[in-house]
Amino acid sequence: MASCFFKDVSARHRKHGQLVAFPTVSRRLPGAATQESQDVSKRAFVTGITGQDGSYLAELLLGKGYEVHGLIRRASTFNTARLEHLYVDPHSADARLFLHYGDLSDGTRLVTLLAEVAPHEVYNLAAQSHVRVSFDEPEHTADITGTGTVRMLEAVRLAGIETRFCQASSSELYGSTPPPQSETTPFHPRSPYAAAKAYGYWITRNYREAYGPFAVNGIMFNHESPRRGETFVSRKITRAVAAIRAGREEFVYMGNLDAIRDWGYAPEYVEGMWRMLQADEPDDYVLATGTGITVREFLEISFGHADLDWENHVKFDDRYLRPTEVATLIGDPTKAREKLGWQATVDGRALARLMVNADIEALEHASTPWIDEVRLDSWPTPTTHGTAPL
Ligand code: NAP
Ligand code: F7E
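Let's talk about the site of ligand 1
Stage number 1. Lining the immediate environment of ligand 1, one finds 26 residues, of which G48, G51, A126, A127 and A168 sit closest.
Stage number 2. Within the residue set of the shell around ligand 1, elements represented by two or more residues are helix 2 (52–63) and strand 5 (164–170).
Stage number 3. Considering each element in turn, the shell around ligand 1 owes the most residues, three residues, to helix 2.
Stage number 4. Of the residues belonging to the shell around ligand 1, the class tally is nine nonpolar, 14 polar and three charged.

Okay, structure coming up:
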């Protein structure tokens, strides 16, 4: 059954006009394999392709010659900013990046899409991924981050395709269990997000044991980049440094500065997930740098890198605290190093400097935001109200 799906699906998609975009790669991508070593025969399906990791993974896989299919949510505004640099003329005959509308809440859509695309590899990166927000939206987080995983696994099973499956699991699973945390460390989730990810972890293992697919968990510690969402602490800090340095802002409001995290560089982690799916046997792996620093140290390094004193610019706001906090996460990536040959090369300190540099540059390229003004006599003059979301 599986082999019948491995026909030229891209041609079929073009014919039926089912794609929302046909982008391809117009330049050699960072980390791209040479022409000789590119694996042009492989097709990957990526959920969460518009997110931080999804965008790096798409870049990596395209560089390796894959045909990449991504699931994107329909939104009233464009949500593909992190993929735009991969976009060229959609009519190009050698397009290899295909985006499909869908949602992890819609199991039927996932089945039909996977049956059509028949990928060799599936990376399930989609999630409501913000820990603090998961306390505000626990049910939605359970539905997407937890149940969404079994919808993907069921979609693979019901589509009858043979594919390798990687679940984006999280160091948040360890919660209050002390470091160093490895593949054998017990879990103690401390948030609705972590509880949902625990379900995703175990259901992936259960499907591996019950039905035998090549399904793995990448238990990833915090990984960041210039493409990190603006409300995660690393990016919040490095954006604030750039804005304060430019004189656009004076203060940034923060929560718990004592938390210790093992921060690494996101492109290295997506490459680690790819390695997991190239292994001989399916297994679960921790991806981490093995070193941790506090949020306070991240602040010190980031502000210091721009010749600023963080203590003059950081204020406390309890809205950034969590009902239950995770004090310390420091991973033990020994298994990934020994079995996959994977090793992080960028630690939290180097990462902070890299991200500050990028946000300073990004600010220099930012244009002034613009929105139309309603010109009706009956219309009130707009004034600013309310607060930003987390
Ligand atoms: P991210 O930037 O928040 O991206 C999340 C992605 O999921 C986005 O593409 C988002 O789409 C998509 N998504 C959200 N809800 C969806 C839904 N209902 N249906 C379909 N797609 C949906 O996260 P990330 O940092 O790249 O992380 C990738 C994965 O790794 C996540 O599962 C995260 O939980 C996990 N993880 C991350 C880290 C880390 O430190 N980054 C560590 C461990 C595990 P929109 O763009 O439309 O919002
Ligand atoms: O918080 C503290 C906060 O939101 C890190 C996700 O990718 O990694 C991420 O989860 C720490 C926490 O990431 C602020 O209390 C202080 O202790 O950047 P974060 P996270 O919660 O560790 C894991 C591995 C994932 O799987 C998740 O998907 O920083 N903190 N002040 C703050 N955090 C935020 N966001 N904002 C603050 O103002």
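Moving on, there is more to tell.
Description of the sheet that holds strand 1 (residues 43–47)
Each strand in a sheet pairs with its neighbour through backbone hydrogen bonds, running either in the same direction (parallel) or in the opposite one (antiparallel).
Stage number 1. Judged by pairing direction, the sheet is parallel, and its seven strands sit side by side in the order 3-2-1-4-5-6-11 without closing on themselves. Each of the sheet's edge strands pairs with one partner strand only, and the pair in question is strand 3 (97–101) and strand 11 (285–287). Within this sheet the neighbouring strands show an average axis-to-axis angle of 20 degrees, counted without direction.
Stage number 2. In the packing of helix 2 onto the sheet, the strands contacted are strand 1, strand 2 (67–72), strand 3, strand 4 (121–124) and strand 5, and the crossing angle to strand 2 comes to about 165 degrees.
Stage number 3. With respect to the sheet, helix 5 (residues 138–159) is in contact with strand 1, strand 4 and strand 5, its orientation differing from that of strand 4 by roughly 165 degrees.

Here we look at helix 8 (residues 266–278)
Stage number 1. The terminal C-alpha atoms of helix 8 lie 19 Å apart, and with 13 residues this matches the ideal 18 Å at 1.5 Å per residue to within 8%.
Stage number 2. Taken together, the buried positions of helix 8 are occupied by A266, P267, Y269, V270, G272, M273, W274, M276 and L277.

Considerations on the packing of helix 7 (residues 233–245) against helix 11 (residues 348–365)
Helix packing geometry: the angle between the two helix axes and the distance between the axes.
Stage number 1. The N-to-C vectors of helix 7 and helix 11 enclose an angle of 50 degrees; their axes lie 8 Å apart at closest approach. By the criterion of interaxial angle, the relationship of helix 7 to helix 11 is oblique. The handedness of the crossing between helix 7 and helix 11 is right-handed. Packed against helix 7, whose contacting residues are S234, R235, T238, R239, V241, A242, A243 and R245, the element helix 11 presents A352, M355, V356, D359, I360 and L363 at the interface.

Scoring rules and cut-offs
Residues numbered from 1 in each chain as written. Chains lettered and ligands numbered in written order. Predicted model: local features only at pLDDT ≥ 70, side-chain atom pairs only at ≥ 80, totals over all residues. Near = placed C-beta within 6 Å. Helix = DSSP H or I, 4+ residues; strand = E, 2+ residues; numbered from the N terminus. Nonpolar A, V, L, I, M, F, W, Y, C, P; charged D, E, K, R; others polar. Pairing = 2+ DSSP bridges. Axes fitted to C-alpha atoms, helices over the stretch in contact; angles between N-to-C directions. Contact = placed C-beta atoms within 7 Å. Expected span 1.5 Å × (residues − 1). Buried ≥ 20, exposed ≤ 12 C-beta atoms within 10 Å, placed from the backbone. Parallel < 35°, antiparallel > 145°, perpendicular 65-115°, else oblique. Left-handed = near helix turned anticlockwise from the far one by under 90°.

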